[in-house]
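As a plain string of letters, each chain reads:
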Amino acid sequence: MSRLVVVSNRVALPGASQNGGLATALDAALKETGGLWFGWSGKVARAHSGEVHHQQADGIEYLTVDLSREDYEGYYNGFSNRTLWPLLHFRLDLVDYNALTQAAYRGVNALFAEKLSKELRDDDIVWVQDYHLFPLAQELRKRGVRARIGFFLHVPFPSADIVAGLPHHEKTFGALSSYDLVGFQTERDLERFQDYIRLFRGGQVAAQGDLRDHDGRRFSAAAFPIGIDAGVIESLAETASRSATTKRMQASLNGRALAIGVDRLDYSKGLPERFRAIQRFFERHADQRGKMTYLQIAPVSRGGVASYRTLRRELEQYAGHINGAHAEPDWTPVRYVNRTYPHPALTGFYRLSRMALVTPLRDGMNLVAKEYVAAQDGDDPGALVLSIFAGAARELDGALLVNPFDSDGVADAIAAAMAMPREARRERWQSMITRIREYDIHAWRKDFLSRLAATRN
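Residues numbered from 1 in each chain as written. Predicted model: local features only at pLDDT ≥ 70, side-chain atom pairs only at ≥ 80, totals over all residues. Heavy atoms only, no water.

> Would you explain the nonpolar core in this entry?
A general tendency of soluble globular proteins is for nonpolar side chains to be buried together. In terms of nonpolar packing, the biggest core is built from 59 residues, with Leu-384 and Leu-386 touching the most fellow members. Among all residues touching Leu-386, those that are not within four sequence positions of it are Val-358, Ala-369, Ala-392, Ala-393, Leu-396, Ala-399, Leu-400, Leu-401 and Val-402. One finds Leu-63, Leu-87, Phe-184 and Ile-197 within the second-largest nonpolar core, a separate group that totals 56 residues. (Core = buried A, V, L, I, M, F, W, Y, C linked by side-chain atoms within 4.5 Å. Buried < 20%, exposed > 50% of the residue type's maximum accessible area, 1.4 Å probe, protein only. Contact = heavy atoms within 4.5 Å.)

Below you can see the structure in the form of structure tokens.
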């Protein structure tokens, strides 16, 4: 059996808390075959990049590499987060391009390839995760690596014209042809990638997912919509429904319905648009005033970036405006908090909520939507209001699908969720939970790895 090698920007080291199903799934895959997990250590060295740290536990070897302050700023804070992140979320207007940070990004990928190539065998299966590492396979091939190498993009892939708007885009996105298999969240992402290969790389699409780059190299691409560990979420929610934290939340509502949103504080999540829709809900449906409380949990991310600080101030102003216009002495329409809650607490809040609002402007998948569905009481489930621009919208056909830019439309969907009879909510929930259980995080990783193992290399 081939050894699995996982490469990611950050590594879930043994003994550290594993936040989310992805780390759990990758860890489970590595334990099945034995393997290696490689990536950045999370440490910023005082001098030079490149010090390697070794750990071993449960048959898995962990190799992590320190980065210098200069490389960290250029590769991670710079090109990954200020250039690629907005570009991949269709925000060309927010792209901060700098040739120096692009060089740092390629330099760190070359450093990773230099360290990793010494550890690889020809029969290894190498699985690279996300946009921080687009050029890694290309750098590994330069060093003679012959193993099969797959890549999965966890965020959206934008239209070809947007990709081509990045100066020297071929240095970053053209490098994807060095992988044997490139995975995307949705068929739509796959189609946009194929358009890029055809229109801006001079490549060919022989058939859906069968690609040839301009130099003749053949490789595969496919959609693998990532799932969650549904059984774990269901169990957590069942236990959390009886917890003191959930009971305090329920008592604080005084019999009112709870609507919830849980998002990292990021401009891709459509939070200002969502707050405007909530304001319109109370304006258009005056009979609902005092009947619903909206809880927005938005942990701060990248707080040192100016655009994120601006977003936080904007949301604080929106929350204050809505509460100032509609609150009563015994009722606050919007509760807005910038802190992280443990997963068990969140699942309890999900189960308690009459609806969830998941309305990003762009999202590769959005696992909050799936976790919300999995956390519900099947006898009396809540409703899901979901953006058409989330990858999850392609799977969760029982959601109320909305355009997040249409404030009135989202407001009316909230009203529909509030008024939806229990039987209708149960029917919608059943169609969604069936899919979530069938194609969970473990089915996703087995699907990808079996496809990668079958590729030619």
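> What's the story with the pattern of salt bridges in this structure? I'm lost.
Any two side chains of opposite charge can pair, given that their charged atoms come close. A full pass over the atoms with the stated rule returns 39 salt bridges. For Arg-143, the salt bridge identified is with Glu-139, shortest N-O distance 3.0 Å. Judged by relative accessible area, Arg-143 falls into the partly exposed class, the value being 31%. Of the charged contacts in the structure, one is a salt bridge between Glu-395 and Arg-435, with a shortest N-O distance of 2.6 Å. Taken together, the residues Glu-395 in the loop between β15 (383-387) and β16 (400-402) and Arg-435 in helix α15 (residues 422-438) connect sequence positions 40 residues apart. Each of the salt bridges in this network shares a partner with another, and the network as a whole consists of Asp-379, Asp-380, Arg-422, Glu-423, Arg-425 and Arg-426. (Salt bridge = Lys/Arg side-chain N within 4 Å of Asp/Glu carboxyl O. Helix = DSSP H or I, 4+ residues; strand = E, 2+ residues; numbered from the N terminus.)

> Explain the packing of helix α13 (residues 367-374) against α15 to me, please; I cannot follow it from the model alone.
Two elements in contact, α13 and α15, have axes separated by 9 Å at closest approach and are oriented at 115°. One way to sum up the angle between α13 and α15 is to call them roughly perpendicular. Pair α13 / α15 crosses with left-handed handedness. On the side of α13, the interface is formed by Lys-370, Val-373 and Ala-374, while α15 contributes Trp-429, Met-432, Ile-433 and Ile-436. Partitioned by chemical class, the residues of the contact of α13 with α15 number six nonpolar, no polar and one charged. (Axes fitted to C-alpha atoms, helices over the stretch in contact; angles between N-to-C directions. Parallel < 35°, antiparallel > 145°, perpendicular 65-115°, else oblique. Left-handed = near helix turned anticlockwise from the far one by under 90°. Nonpolar A, V, L, I, M, F, W, Y, C, P; charged D, E, K, R; others polar.)

> Teacher, can you tell me more about empty space enclosed by the protein here?
To find the voids left in a structure, one rolls a probe of water-molecule size over its atoms. Overall, the coordinates contain one cavity of 30 Å³ or more when judged by the stated rule. What the largest cavity holds in volume is close to 30 Å³. What lines the largest cavity is simply Gly-382, Ala-383, Leu-384, Gly-398, Met-420, Arg-425, Arg-428, Trp-429 and Met-432. Sorting the residues of the lining of the largest cavity by element identifies β15 and α15 as the ones contributing at least two each. Ranked by residues supplied to the lining of the largest cavity, first place goes to α15 with four residues. (1 Å grid on protein atoms, 1.4 Å probe; cavity = no way out; pocket = protein on both sides within 12 Å on 5 of 7 lines; lining within 4 Å. Points joined across faces, edges and corners; volume = space filled by probe spheres on them.)

> Please clarify how the sheet that holds β15 should be interpreted in this entry.
Strand pairing in a sheet takes place through backbone hydrogen bonds and is either antiparallel or parallel in direction. Pairing is parallel across the open sheet formed by six strands, whose spatial order is β13-β12-β11-β14-β15-β16. Either end of the sheet is taken by a strand with one partner, and the two such strands are β13 (334-337) and β16. Strand-to-strand twist across the sheet, computed as the mean angle between neighbouring axes with direction ignored, equals 20°. With six bridges joining them, strand β11 (residues 257-262) and strand β12 (residues 292-297) adopt parallel strand pairing. Bridging from a neighbouring strand, Val-262 pairs with Ile-297 of β12. The sheet contacts of α13 involve β11, β14 (355-358) and β15, and relative to β15 the element is tilted by about 170°. (Pairing = 2+ DSSP bridges.)

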